[in-house]
Amino acid sequence: MMIRIMYHNGKHDLVKTSALERLISSNQVKQFQRSSGWVTPSRDPVRRTRNSQYRGMERREAKSA
């Protein structure tokens, strides 16, 4: 899937989801567009990258039958 982004210099681009994660983690993206509107990573909630460690309570444990 391609996602519209805006760099800090105001330039727009379309990038793949995997590239968006890398650009956000390296602080290269000012905003990206969701179906609900523009998101600013420094201000709005965004998903953490796949490599980050979740430190909260695990809620998806397999339930025994």
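Up top is the structure these notes are about.
About the thresholds
- Residues numbered from 1 in each chain as written.
- Predicted model: local features only at pLDDT ≥ 70, side-chain atom pairs only at ≥ 80, totals over all residues.
- Heavy atoms only, no water.
- Helix = DSSP H or I, 4+ residues; strand = E, 2+ residues; numbered from the N terminus.
- Buried < 20%, exposed > 50% of the residue type's maximum accessible area, 1.4 Å probe, protein only.
- Contact = heavy atoms within 4.5 Å.
- Areas by Shrake-Rupley, 256 points an atom, 1.4 Å probe, with all protein chains shown as cover.
- Pairing = 2+ DSSP bridges.
- Core = buried A, V, L, I, M, F, W, Y, C linked by side-chain atoms within 4.5 Å.

## A few points about the overall build of the chain
Inference 1: Helix and strand content of the chain: one helix and four strands.
Inference 2: For the chain, the α and β elements follow one another from N to C terminus as β-β-α-β-β.
Inference 3: Scored against the burial criterion, the 65 residues of the chain give a buried share of 20%.
Inference 4: Considering only residue pairs separated by 6 or more positions, the chain has 23% of its internal contacts joining residues 24 or more positions apart.
Inference 5: Total accessible area on the chain stands at roughly 5900 Å², and carbon and sulfur atoms take up 47% of it.

## Re the side chain of Thr40
Inference 1: For Thr40, the location among the structural elements is in the segment after strand 4 (37-39).
Inference 2: In contact with Thr40, not counting residues within four places along its chain, are Lys30 and Gln31.

## Brief notes about the pairing of strand 1 (residues 2-7)
Inference 1: Pairing of strand 1 with strand 2 (residues 12-16), which is carried by five bridges, proceeds in the antiparallel orientation. Paired with Met2 across the bridge in strand 2 is Lys16.
Inference 2: Hairpin connection, strand 1 to strand 2: the antiparallel pair is bridged by four residues, and Gly10 has positive phi, about 90°.
Inference 3: In this sheet, strand 3 (residues 29-34) lies alongside strand 1 in antiparallel orientation, the contact comprising three bridges. In the strand pairing of strand 3, Ile5 is matched with Phe32.

## Quick look at the nonpolar core
Inference 1: In this structure, Ile3, Ile5, Tyr7, Val15, Ala19, Leu20, Leu23, Val29, Phe32 and Val39 together form the largest nonpolar core, which totals 10 residues.
Inference 2: For this core, the secondary structure elements donating two or more residues are strand 1, helix 1 (17-25) and strand 3.
Inference 3: Other than its neighbours up to four places away in sequence, Phe32 contacts Ile3, Arg4, Ile5, Leu20, Ile24, Gly37, Trp38, Val39, Pro41 and Val46.

Treat this as a map of the structure, not an account of what it does.
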